[in-house]
Amino acid sequence: MTLLRHPAHWWRENRLPLLAALTTMFILLFTVGGAVGIAHAATKPAANDSVKGQTFTIATDTTWAPFEFQRDGKLRGIDIDLIKAVAADQGFDVKIDVIGFDGALAAVTAGQADAVMAGMSITSEREKLFDFSNPYFDSGIQMAVAKNDDSVKAYADLAGKTVSAKTGTEGYAFAEKLGKEFGFTVTGFQDAADAYNDVTTGHSAAVFDDYPILAYGIATGNVDLKTVTPQEKASSYGMAVKKGANEALRKAFNEGLKNLIDNGEYQKILDDYLGEAAPKAATIGEGKAALGNDKLDPGKPGELPKNPAFAVDTPQTHGEFTIATDTTFAPFIYQLDGKNVGIDMDLIRAIAANQGFKVDIKPLGFDAALAAVTAGQADGVIAGMSITDERKKVFDFSDPYYQSGVQMAVAKDSDITSYKGLKGKTVAVKTGTVGYDFAKKLSAEIGFKVNAFQDSADMYNDVATGNSAATFEDAPVLQFGIASGNVPLKIVTDAEPGADYGFAVLKGHNAELLKMFDTGLQNAKDTGVYQQIIDRYLASDDAGTTSDNSFWSLVKTSIGPLSQGLVLTLLATALSILFAMILGILFGILKLSANPFLRFLASAYVNIFRGTPVLVQAFFFYFGVPAVTGQPLDALTAGVITLSLNAGAYITEIVRGGVQSVDPGQMEASRSLGLGWGSSMRRVVMPQAFKIMTPNLINQFIITLKDTSLLSVLGFAELTYQGRIVIASTFRSFEIWIVVGIMYFIVIWLLTVLSNWVDRKFNK
Amino acid sequence: MTNNEQTYTTPVTTASGNPIEVRDLHKSFGKNEVLTGIDLTVANGEVVTVIGPSGSGKSTLLRCLNRLEEVTSGEVLILGENIATAKGKNLDAVRQRVGMVFQHFNLFPHMTALENIALAPVELKMLSKADARKRALELLTRVGLEDKADARPASLSGGQKQRVAIARALAMSPGIMLFDEATSALDPEMVGEVLQVIRDLAASGMTMVLVTHEMGFAREVADRVVFMADGKVVESGAPADIFDNPQEARTQDFLSKVL
């Protein structure tokens with residue numbers, strides 16, 4: 001971005017001597033690093049006014065049982081009872097305004113009401129306009145059909161039919177989305193009762209609504225419907241105030257809710273309306289409500305969570321377990337200051353501390369981690385591993401600890417708020433991801449172009465610079481990038497339901513470990529520890545993961561892996577050049593041979609390796625050859641073979657040209673002295689040819705060194721690969737690629753200096 | 001041969017006892033036949049100069065004598081070995097006994113004068129490094145360039161280069177010396193010094209074949225003059241006969257132009 005902003009700068013620098021250019025580059029980097037750092041100093045308004053004695057206007061819906069409805073001329077429902085109970089607990093008064101759901105939201109945004117209490121789902125879209133209280137109810141959407149209708153058993157049975165929903169609700173949005181997938185239309189109603197009636201009368205085949213509403217209606221016998229599918233996509237209800245306003249009321253609500261859960265009063269309200277189907281008040285919002293906290297101190301990545309309700313000092317009497325995991329899959333597992341951190345790591349450690357067992361973490365890479373468990377070398381694997389039927393054949397899974405899913409993000413200044421806004425635009429995605437698949441599917445419906453990238457950072461940049469309108473990516477990956485301040489985008493939609501992640505052990509083994517994990521996970525969720533850990537990585541106003549965003553701290557943390565990469569780059573280069581020289585001299589001489597078959601052999605070699613891209617050759621040797629021979633080659637071997645053969649082809653031509661440019665009289669003079677062809681080549685022709693070849697050979701060595709970067713696609717952990725890995729967890733592509741570039745530049749510069757010295761020394 | 005220098009004798013194994021015997025030599029470049037049946041015999045210690053117009057094939061003939069050119073047909077018996085068909089080591093062995101001096105010197109530019117001379121004896125394990133060095137210095141002294149031992153060819157004049165080249169050709173103690181227009185590339189003032197070296201060599205009893213454009217020198221140094229034209233030996237004989245009393249029209253025509 002700085003590049004774009006200062007073209008004049010760069011033009012000037014390009015004309016300056018090397019040192020000045022580098023210095024300026026560093027100054028630019030400081031500027032960038034500093035700017036990012038400043039952008040992170042977030043501030044939060046502090047509000048702690050007393051609400052005692054005040055009267056607040058609470059806007060609500062007309063009829064949305066069991067949350068608000070009229071009975072016997074009296075307004076009641078969970079929302080109504082709860083807000084009244086909270087008001088009593090906190091010592092303020094409420095005036096309830098029944099103006100319908102849309103009207104209630106409008107009233108609060110217009111300042112005519114203080115808060116909405118209307119079974120309102122907390123969504124990221126709404127959080128742009130409202131501040132929400134802690135969740136007081138966990139809901140989900142469910143489909144219901146007429147009691148006597150046996151024709152609809154799944155969403156697919158709705159094809160070509162009409163369904164109903166209440167406009168402006170989550171159910172409506174969900175039905176719309178589903179309709180596109182399964183080919184049915186959605187009719188919207190202002191009132192839930194009408195939407196239900198449309199189904200019972202047979203106009204609509206099904207209705208989509210929040211599960212408590214449906215459950216209540218069916219339970220009371222008021223609606224002749226039945227549910228045939230499980231509930232979808234949990235969302236939580238919260239009380240909402242206008243963004244930035246009424247902070248005192250919001251805090252008081254949280255405090256009151258906590259008290260009511262503590263003294264059992266809220267549970268009584270829930271039981272009252274939902275009977276046996278009532279949820280446990282203490283677990284609502286993963287325990288957030290019961291704790292009365294907006295947010296527990298999430299702590300730092302890698303730390304054990306601090307939470308009074310969650311023991312982390314349980315005696316370690318249940319043994320030690322080896323837990324295999326991936327190397328880098330931010331935010332679930334990645335390295336920070338040499339420590340394995342991430343949601344998975346913090347969670348397994350917290351659970352181990354809570355349940356009283358020891359863990360030995362082994363980051364092996366995803367495939368290797370799975371293999372280690374199947375081979376019995378590790379007891380369990382936690383690595384952002386989706387629970388699939390296929391894997392269930394081999395592994396026993398814990399309860400899901402994370403639901404992943406695709407989410408959309410747009411540039412910070414973008415006006416796009418829904419998929420529809422993408423019509424006619426371009427969307428950036430990473431190839432091979434679920435985001436890619438989702439965008440492809442969606443593009444057919446909405447009509448947008450999909451631009452695929454190899455690298456997440458490139459993809460994000462494409463959106464940030466405005467080339468693409470939006471990106472689709474795994475929700476946690478996206479949220480982590482934004483939370484850590486490295487991805488300058490914003491999230492505008494909810495995550496699509498996706499895969500559940502689970503902890504796994506080998507099928508039939510380590511049942512005790514699995515049970516402890518499940519118990520510990522439940523404890524973590526109930527006490528809010530789970531949310532604490534999640535917040536460390538995904539909460540956008542938390543600076544814990546990015547306390548130091550300066551360029552130098554980035555360099556400090558990344559120089560280790562980058563240096564390791566450089567060593568492998570140099571190793572691969574040195575080996576490749578060595579073998580390429582042998583091949584080049586051999587085939588170069590064959591090309592000059594009097595024997596037409598040998599000449600043909602050499603020409604064929606040169607033409608094949610000069611006539612195909614290095615990348616294709618690399619894939620061929622790494623994936624292709626082992627597929628036929630059954631003998632796997634490691635990336636270094638395959639890479640060195642590729643680069644040796646490739647560079648060897650070019651060196652063949654360099655050698656041929658070099659030898660041919662030596663005066664033939666030299667060979668004649670040598671032969672006339674009685675020296676054999678070999679001695680003549682070695683003593684007379686080659687020394688002169690090498691002098692001619694030197695500049696071309698140096699060129700080829702440099703090209704080969706740079707070509708090692710292509711081996712990153714084979715997973716060979718050279719410099720470019722390491723750069724990509726660092727960027728995968730920091731998203732600092734601008735700075736890292738500059739650092740990587742400088743490292744390449746210095747090495748190549750040194751190689752040039754060395755070559756010139758050798759040239760001067762031996763080619764006098 | 002009254003000087004005290006080494007005298008070259010040629011061990012000969014052919015029945016005739018001649019170091020060079022060429023029989024019906026044909027040489028073609030593609031379809032172009034440049035030598036059309038050459039017969040030439042050079043006796044032990046004989047100095048033969050080959051003259052003739054450009055393109056007559058005299059250089060090609062000389063180059064066939066150590067097979068720098070492949071022979072199309074015929075026999076080339078050099079020191080008893082038919083090098084037209086000789087292979088590998090045998091060919092190299094003959095070449096070690098045949099010194100060749102080129103028009104363009106063909107010194108090795110990456111070596112000093114001394115290294116140029118010492119290369120073959122060391123590489124072919126004829127002499128130790130120290131002995132080869134000693135011999136190279138002797139040869140340099142003989143061509144009057146003992147002070148240029150450590151000079152690289154680039155710093156030598158044309159005449160000096162050619163004298164080093166002659167010393168190099170002598171390093172392997174050859175029995176035959178071939179000169180391919182050894183003075184053609186030299187500035188006129190340098191021709192003399194090179195000719196003097198060749199003259200001394202001839203006087204020492206070396207068997208030599210010289211292709212040259214220096215008619216005066218050809219006559220002076222030669223025991224026998226061979227006149228070639230159109231790939232054939234037109235006439236050969238004693239210098240006086242050829243230069244003063246040529247029998248063939250081609251010879252008369254050529255000499256009338258160059259003399």
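We now turn to the structure provided with this report. Predicted model, so just to flag it, every value in this text is computed and none were measured.

## Here's the deal with the overall build of chain B
Right, on to step 1. Within chain B, the secondary structure is distributed over nine helices and ten strands.
Right, on to step 2. Sequence-distant contacts in chain B: of pairs separated by 6 or more residues, those separated by 24 or more amount to 66%.
Right, on to step 3. Here chain B displays about 10800 Å² of accessible surface, and carbon together with sulfur accounts for 48% of that area.

## Thoughts on the overall build of chain A
Right, on to step 1. Secondary structure summary: chain A contains 27 helices and 27 strands in total.
Right, on to step 2. The burial tally for chain A puts 52% of its 764 residues in the buried class.
Right, on to step 3. Sequence-distant contacts in chain A: of pairs separated by 6 or more residues, those separated by 24 or more amount to 75%.
Right, on to step 4. In the form shown here, chain A has an accessible surface area of approximately 33400 Å², with 57% of it arising from carbon and sulfur atoms.

## Some thoughts on the environment of threonine 60 of chain A
Residue and element names in this part refer to chain A.
Right, on to step 1. Considering the arrangement of structural elements, one finds threonine 60 in strand β1 (residues 55-60).
Right, on to step 2. On a C-alpha basis, the gap between threonine 60 and alanine 107 in space is 9.8 Å, while along the polypeptide they are 47 residues apart.
Right, on to step 3. The residues touching threonine 60, leaving out its near neighbours within four places in the chain, are Glu68, Ile80, Ile96, Asp97, Val98, Ile99, Gly100, Ala104, Met117 and Ala118.

## What about the pairing of strand β9 (residues 224-229) of chain B?
All names here are of chain B.
Right, on to step 1. In terms of burial, β9 is largely enclosed, as six of its six residues are buried.
Right, on to step 2. Where burial is concerned, the two faces of β9 agree: the one with Arg224, Val226 and Met228 and the one with Val225, Phe227 and Ala229 are both buried.
Right, on to step 3. Bridging between strand β3 (residues 47-51) and β9 involves four bridges; their strand directions are parallel. Paired with valine 48 across the bridge in β9 is arginine 224.
Right, on to step 4. The sheet contact formed by β9 and strand β10 (residues 232-237) spans five bridges and is antiparallel.

## Focus: the sheet that holds strand β5 (residues 115-116) of chain A
Residue and element names in this part refer to chain A.
Right, on to step 1. Ordered in space as β4-β1-β5-β13-β6, the five strands form an open sheet in which the pairing is mixed. The open sheet has two edge strands with one neighbour each: β4 (93-98) and β6 (130-132).
Right, on to step 2. Summarising the sheet, β1 and β5 pair through two bridges and their orientation is parallel. Directly across from isoleucine 58, in β5, lies its bridge partner alanine 115.

## Remarks on the packing of helix α4 (residues 129-142) of chain B against helix α5 (residues 158-170) of chain B
Residues and elements named next belong to chain B.
Right, on to step 1. Viewed as axis vectors pointing N to C, α4 and α5 meet at an angle of 135°, and their least axial separation amounts to 9 Å. With respect to α5, the axis of α4 lies oblique. Judged by the sense of rotation from one axis to the other, the crossing of α4 with α5 is right-handed. Across the interface between the two elements, Arg135, Leu139, Leu140 and Arg142 of α4 pack against Val164, Ala167 and Leu170 of α5.

## Brief notes about the nonpolar core
When a protein is soluble and globular, its nonpolar side chains tend to lie buried together.
Residues and elements named next belong to chain A.
Right, on to step 1. Membership of the largest hydrophobic core comes to 52 residues, with the highest contact counts inside it found for Leu82, Tyr136, Phe137, Phe253 and Tyr266.
Right, on to step 2. Looking at this core, the elements with two or more residues in it are β1, α4 (78-90), β7 (137-146), α7 (192-200), α8 (211-219), α9 (247-262), α10 (265-274) and α11 (288-291).
Right, on to step 3. Per-element tally for this core: the top contributor is α9, with seven residues.
Right, on to step 4. Leave out the neighbours within four places in its chain, and leucine 82 touches Met117, Tyr136, Phe253, Leu257, Leu260, Tyr266 and Ile269.

## Topic: the packing of aromatic side chains
Right, on to step 1. All told, the structure shown has 33 aromatic pairs over all chains when counted by the stated rule.
Right, on to step 2. Ring plane angle 65° and centroid distance 6.1 Å describe the contact between tyrosine 136 of chain A and phenylalanine 253 of chain A, whose orientation is recorded as edge-to-face. Taken together, the positions of tyrosine 136 of chain A in the loop between β6 and β7 and phenylalanine 253 of chain A in helix α9 put the pair 117 residues apart, joining distant regions of the chain.
Right, on to step 3. Among the residues examined, tyrosine 136 of chain A registers a relative accessible area of 0% and is labelled buried.
Right, on to step 4. Overall, phenylalanine 253 of chain A belongs to the buried group, its relative accessible area being 0%.
Right, on to step 5. A connected cluster of aromatic rings, assembled from ring pairs, spans Phe332, Tyr401, Tyr402, Tyr501, Phe503 and Phe517 of chain A.
Right, on to step 6. The lysine or arginine in question, lysine 525 of chain A, covers the ring of tyrosine 530 of chain A, its NZ or CZ lying 5.3 Å from the ring centre.
Right, on to step 7. Between lysine 27 of chain B and the ring centre of phenylalanine 29 of chain B, over which it is positioned, the NZ or CZ distance is 4.7 Å.

## Comments concerning the interface of chain B and chain A
Right, on to step 1. Contact residues are listed per partner, giving 23 residues for chain B and 19 residues for chain A.
Right, on to step 2. Buried area between chain B and chain A, both sides added, is near 1700 Å², and the carbon and sulfur share of it is 56%.
Right, on to step 3. Of all residues in chain B, Phe108, His110 and Glu123 of chain B bury the most surface against chain A, accounting for 28% of the area lost on that side.
Right, on to step 4. In this structure, the connection of chain B to chain A is made through four salt bridges.
Right, on to step 5. Residue aspartate 92 of chain B pairs with arginine 671 of chain A through a salt bridge whose shortest N-O separation is 3.3 Å.
Right, on to step 6. Our enumeration of links across chain B and chain A arrives at seven residue pairs in polar contact (both at pLDDT 80 or more).
Right, on to step 7. Where the side of chain B that touches chain A is concerned, the elements lending two or more residues are α2 (88-96), β6 (98-101), α3 (113-123) and α5 of chain B.
Right, on to step 8. For the side of chain B that touches chain A, the residue count by class is 13 nonpolar, four polar and six charged.

Rules of the game
Residues numbered from 1 in each chain as written. Chains lettered and ligands numbered in written order. Predicted model: local features only at pLDDT ≥ 70, side-chain atom pairs only at ≥ 80, totals over all residues. Heavy atoms only, no water. Helix = DSSP H or I, 4+ residues; strand = E, 2+ residues; numbered from the N terminus. Contact = heavy atoms within 4.5 Å. Areas by Shrake-Rupley, 256 points an atom, 1.4 Å probe, with all protein chains shown as cover. Buried < 20%, exposed > 50% of the residue type's maximum accessible area, 1.4 Å probe, protein only. Pairing = 2+ DSSP bridges. Axes fitted to C-alpha atoms, helices over the stretch in contact; angles between N-to-C directions. Parallel < 35°, antiparallel > 145°, perpendicular 65-115°, else oblique. Left-handed = near helix turned anticlockwise from the far one by under 90°. Core = buried A, V, L, I, M, F, W, Y, C linked by side-chain atoms within 4.5 Å. Phe/Tyr/Trp six-rings, centres within 6.5 Å; stacked < 30°, edge-to-face > 60°. Lys NZ or Arg CZ within 6 Å of the ring centre and 35° of its normal. Buried area = accessible area lost by both parts, 1.4 Å probe. Salt bridge = Lys/Arg side-chain N within 4 Å of Asp/Glu carboxyl O. Polar contact = N/O pair within 3.5 Å; in protein donor to acceptor, adjacent residues only side chain to side chain. Nonpolar A, V, L, I, M, F, W, Y, C, P; charged D, E, K, R; others polar.

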